[in-house]
Amino acid sequence: MTTTALNTNNSDNPYLPFLSEIIDVIKHTEIEYTFKMTYSGAVKPGQFFEVSLPKFGEAPISVSGIGDGTVDLTIRKVGKVTDEIFENYIGDTLFLRGPYGNGFDIANYKGKEIILVAGGTGLSPVKGIVDYFSAHPDDCKSFTLLVGFKSPNDVLFKKDFEEWEKNLNVIMTVDTPVDGYCGKCGLVTQYIPDIPIKNSDQAVGIVVGPPMMMKCTITELFNVGFKEANIWISQERKMCCGIGKCGHCKIDDTYICLDGPVFNYTKGKFLKD
Amino acid sequence: MGYHTTPEKMNAIFSDLSKDYLIYAPKRFVGDGTFTDIDTIRYGEITDLAEIEFAEKSDYSFKEVLLPISETLFYFTENEMKEADPPKKGAIVFLRSCDLHGLKRMDTIYLENGAVDTYYKRLRDQTKFILIGCENSFDNCFCVSMGTQKSDDYDAYIKVDGQTVLVDSHWDVLDTALAGQAPAPVTPDSVTANDTVVTIPETVPQTLFDAPFWEDYGNRCIACGRCNFVCPTCTCFTMQDIFYTDNGKAGERRRVWASCHVDGYTDMAGGHAFRNDKGQRMRFKVMHKVNDYKRRFGSHMCIGCGRCDDVCPEYISFANCINKLNDLVNDTVKEEN
């Protein structure tokens, strides 16, 4: 690995990235890979890094896993910057800066009945929460992971699902099945009423995904008795700088990069772009 | 302290200061406007007070001195990034009271909201601000409504009155240079009224975000972003990497001005965008300028210079929009009661 002074820089320039080595690449689908990157420092699920490659720019990518001296970044090949990242392999390096944002605070969910609903790549920012309760199932009363993907070919973290199914109630559904698929179909919302919850007014809901999926899921959680204050969401926006300057992620008086991306729904419901 | 001096003396002082400072002021660029035979007034370097356009409002603000339209942040090769060097000289900026209030808005975003911006701070720390007085209000100005018609936190105030230059200095370097000149009390010219008056609604219910009111702007706005680019308080940017054609592995990371009215502002990887409707972009900007910025930072963002109204090719008036929004809010409150 080529090292530069950047790895130990003392600069107070908040835009200066550091080099991070690619330790592993996990291919989920044709267009979605997880890059395991070297990073030692405090980081929480739901936080994000600005990932850059010189010549192409920066993109905000949420942390999809936290290891010992590593973070996972799950990247979908859909933009100019992310296309270029896919040309990189184990041993190569990427420039990162961050982590940014508030992230999810696991302490808010301990000892509770939890329903976590994720749509597609929305699973990335909450995967750290699933990993935690999968490893510490006694830290909550119950944990249901409800995830929707477009099709069986779009399923992310297949290996992790095998692990999660041991300790958690896992429901995976796809919008569009393909031949030979024998799992669940349909929208995530239709599975919510059947999730066993003892005290829905105490239970916690965590919802991350496309805007419409989040809206419908939250409505359904209300229908089964969830309280606004017990629902948490994470907002995906175009965060160019990550430090409250560039303006692209601002909604009302809120900067998603500084105040979010994780919000309690009592605040999150007022965020209108 | 105040002084009366001569243009020759003042120019000699600026000549000395130019060893350490670039001096920026509004200048008339003859024939450089959008249309034939139309001048434009924008910021440029000066060496003589006679080059400054004191009589008219500048079309563009001073902000490009502290926030260049395109600013290189880093030079990079494959595995190294080098911070761009700071400018070798500081800056002296001539500006009006409203713009000096605009500076506070820039400070708030770049120095207080989140981490301190290294690039802004290093320019800001080396910049001195010289106030230009306003003897009369210009078209579309509404500084009095915004409370920005007066400033006292300038480094100096300068007024050229024929062969006399009136100076009020808050800057020791200038005081030293003016030692021996006739002391005299100098009070900056400022206006007490504008033709344009705005009334800002205290609160705007979120239900009005989707009001048909905004559709008018959706139909007229062409998303050119000029209102953002002339605004001294619009500070948004986009990161941009460029690479050299002779060496594709080396290049620069820059930030360039961005506009919430222009397509692409909210585009995310994959193509999803927010506020595709131009009326909603107007709503977003208006709410930022006279509502949500104040809720976060304590003062309105808009400083009432009226440049957005001056520049809009579709004759959209921001000032009228605020007043119409105020009426709409009042009507809505009445209906509810």
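Residues numbered from 1 in each chain as written. Chains lettered and ligands numbered in written order. Predicted model: local features only at pLDDT ≥ 70, side-chain atom pairs only at ≥ 80, totals over all residues.

Asker: Quick one: what's the story with the overall build of chain A, residue by residue and with numbers?
Answerer: Within chain A, the secondary structure is distributed over 6 helices and 15 strands. Its C-alpha atoms give chain A a radius of gyration of 18 Å, near enough to 19 Å, the size a compact globule of 273 residues would have. Seen through its C-alpha atoms, chain A measures out along the principal axes to roughly 55 × 45 × 35 Å. For chain A, the proportion of contacts with a sequence separation of at least 24, taken over those separated by at least 6, is 67%. (Helix = DSSP H or I, 4+ residues; strand = E, 2+ residues; numbered from the N terminus. Rg over C-alpha atoms; globule rule 2.2 N^0.38 Å. Contact = placed C-beta atoms within 7 Å.)

Asker: Quick one: what's the story with the overall build of chain B, residue by residue and with numbers?
Answerer: For chain B, the helix and strand inventory stands at 11 helices and 12 strands. For a compact globule of 337 residues, the expected C-alpha radius of gyration is about 20 Å, and chain B comes in at 22 Å, within 12% of that figure. Projected onto its principal axes, the C-alpha positions of chain B cover 65 × 60 × 45 Å. The proportion of buried residues among the 337 residues of chain B is 39%. Counting only contacts in chain B whose residues sit at least 6 apart along the sequence, the fraction spanning at least 24 positions is 72%. (Buried ≥ 20, exposed ≤ 12 C-beta atoms within 10 Å, placed from the backbone.)

Asker: An account of the environment of Val256(B) is needed here, citing residue identities and associated values.
Answerer: All names here are of chain B. Summarising the element assignment, Val256 is placed in strand E12 (residues 251–257). On the neighbour-count criterion, Val256 (12 C-beta atoms within 10 Å) is exposed. Taking the C-alpha atoms as reference points, Val256 and Ala211, 45 residues apart in sequence, are found 33 Å from one another. Other than its neighbours up to four places away in sequence, Val256 contacts Ile69, Ser70, Phe237, Thr238 and Gln240.

Asker: I'd love a proper account of the interface of chain A and chain B, names of residues and values included.
Answerer: With 38 residues of chain A at the interface, the matching set in chain B holds 37 residues. It is strand E4 (residues 57–67) of chain A that provides the largest number of residues to the side of chain A that touches chain B, a total of 3 residues. Residue composition of the side of chain A that touches chain B, grouped by class: 16 nonpolar, 11 polar and 11 charged. (Nonpolar A, V, L, I, M, F, W, Y, C, P; charged D, E, K, R; others polar.)

Asker: Provide a residue-level description of the nonpolar core, including the pertinent values.
Answerer: Soluble globular proteins: nonpolar side chains tend toward being buried together. Formed by 64 residues in total, the largest nonpolar core has its most connected members in Val51(A), Leu73(A) and Cys257(A). With sequence-adjacent residues up to four places away left out, Cys257(A) is seen in contact with Tyr100(A), Gly101(A), Met239(A), Gly242(A), Ile243(A), Gly244(A) and Cys249(A). Of all hydrophobic cores here, the second largest spans 43 residues; its members include Tyr3(B), Leu103(B), Val165(B) and Leu166(B). (Core = buried A, V, L, I, M, F, W, Y, C linked by C-beta atoms within 7 Å.)

Asker: Tell me about helix H11 (residues 318–336) of chain B, and name the residues and values.
Answerer: All names here are of chain B. Helix length check: H11, at 19 residues, gives a terminal C-alpha distance of 27 Å against a target of 27 Å (1.5 Å per residue), a fit within 8%. When H11 is considered as a whole, its buried residues turn out to be Phe318, Ala319, Cys321, Ile322 and Leu325. Buried residues in H11, looked at end-on, bunch into an arc of 160°, giving them a common side. Of the residues in H11, the exposed ones pointing more than 90 degrees away from the buried face are Asn330, Asp331, Lys334 and Glu335. In this structure, the buried side of H11 is in contact with helix H8 (226–230), helix H9 (278–297) and helix H10 (307–311). (Expected span 1.5 Å × (residues − 1). Arc of directions from axis to C-beta.)

Asker: Describe helix H2 (residues 123–135) of chain A, and please don't skip the residues or the numbers.
Answerer: All names here are of chain A. Helix length check: H2 (13 residues) gives 17 Å between terminal C-alpha atoms against 18 Å at 1.5 Å per residue, within 8%. Taken across its 13 residues, H2 has 10 buried, putting it largely inside the fold. All of the buried residues along H2 are Leu123, Ser124, Pro125, Val126, Lys127, Gly128, Ile129, Val130, Asp131 and Phe133.

Asker: Can you tell me about the pairing of E4(A), naming the residues and giving the values?
Answerer: Residue and element names in this part refer to chain A. Most of E4 is tucked away: 9 of the 11 residues are buried. As paired strands, E4 and strand E5 (residues 70–76) are joined by 4 bridges and run antiparallel to one another. Across the sheet, the residue bridging to Ile66 is Val71, located in E5. Counting the residues that bridge the hairpin from E4 to E5 gives 2 residues, and of these Gly69 lies at a positive phi of roughly 75°. (Pairing = 2+ DSSP bridges.)

Asker: Before we move on, can you summarise the domain arrangement of chain A with the specific residues and values?
Answerer: Residue and element names in this part refer to chain A. Split into domains, chain A comes out as domain 1 (5–100) and domain 2 (106–234). The gap between the C-alpha centroids of domain 1 and domain 2 is 26 Å. Each side of the interface is counted separately: domain 1 has 12 residues, and domain 2 has 14 residues. Only E4 and E5 provide two or more residues apiece to the side of domain 1 that touches domain 2. No other element matches E4, which puts 5 residues into the side of domain 1 that touches domain 2. Tallied by class, the residues present in the side of domain 1 that touches domain 2 amount to 3 nonpolar, 7 polar and 2 charged. (Domains from an automatic or database assignment.)

Asker: How would you summarise the sheet that holds strand E7 (residues 113–119) of chain A if you had to cite specific residues and measurements?
Answerer: All names here are of chain A. Spatial strand order, E10-E9-E8-E7-E11-E12-E15: 7 strands in an open sheet with mixed pairing. Among the strands making up the open sheet, the edge pair consists of strand E10 (184–185) and strand E15 (262–264). As paired strands, E7 and strand E11 (residues 204–208) are joined by 5 bridges and run parallel to one another. Across the sheet, the residue bridging to Ile114 is Val204, located in E11. Along the sheet face, helix H4 (residues 211–223) touches E7, E11 and strand E12 (231–234) and points at about 165° away from the line of E11. (Axes fitted to C-alpha atoms, helices over the stretch in contact; angles between N-to-C directions.)

Asker: Would you mind going over the confidence of the model for chain B in detail, with residue names and values included?
Answerer: Summarising the model, chain B shows a mean pLDDT of 94, and 100% of its residues fall at 70 or more. Confidence metrics for the complex model read pTM 0.92 and ipTM 0.93. (pLDDT = per-residue confidence, 0-100.)

Asker: Kindly report on the sheet that holds E12(B), identifying the contributing residues and their values.
Answerer: Residue and element names in this part refer to chain B. An order of E5-E4-E12-E11 is seen for the 4 strands of this open sheet, with the pairing classed as antiparallel. In the strand order of this sheet, the two ends are held by strand E5 (81–83) and strand E11 (237–243), each with one partner. Between one strand and the next, the sheet's axes are offset by a mean angle of 30°, whatever the strand orientation. The sheet contact formed by strand E4 (residues 70–76) and E12 spans 6 bridges and is antiparallel. Residue pairing for E12: Phe74 is matched across the bridge by Arg253.

Asker: So, the environment of Thr196(B): which residues are in play, and what are the values?
Answerer: Residues and elements named next belong to chain B. Mapped onto the fold, Thr196 is located in the loop between strand E10 (182–183) and helix H7 (215–220). As for Thr196 and Phe138, which are separated by 58 residues in sequence, their C-alpha atoms are 9.6 Å apart. With residues up to four places along the chain from it excluded, the contact list for Thr196 reads Asn140, Cys141, Phe142, Gly306 and Ala319.

Asker: Tell me about unusual backbone geometry, residues and numbers included.
Answerer: The amide bond that connects Gly98(A) to the next residue, Pro99(A), takes the cis arrangement and shows omega of 0°. Within the secondary structure, Pro99(A) sits in strand E6 (residues 93–100). Here the amide bond leading from Gly260(A) into Pro261(A) is cis, since omega sits at 5°, within 30 degrees of zero. Within the element layout of this structure, Pro261(A) appears in the loop between helix H5 (256–259) and E15. At Asp37(B), a position not held by glycine, the phi torsion is positive, near 65°. Looking at where Asp37(B) falls in the secondary structure, it is placed in the loop between strand E2 (21–29) and strand E3 (40–45).

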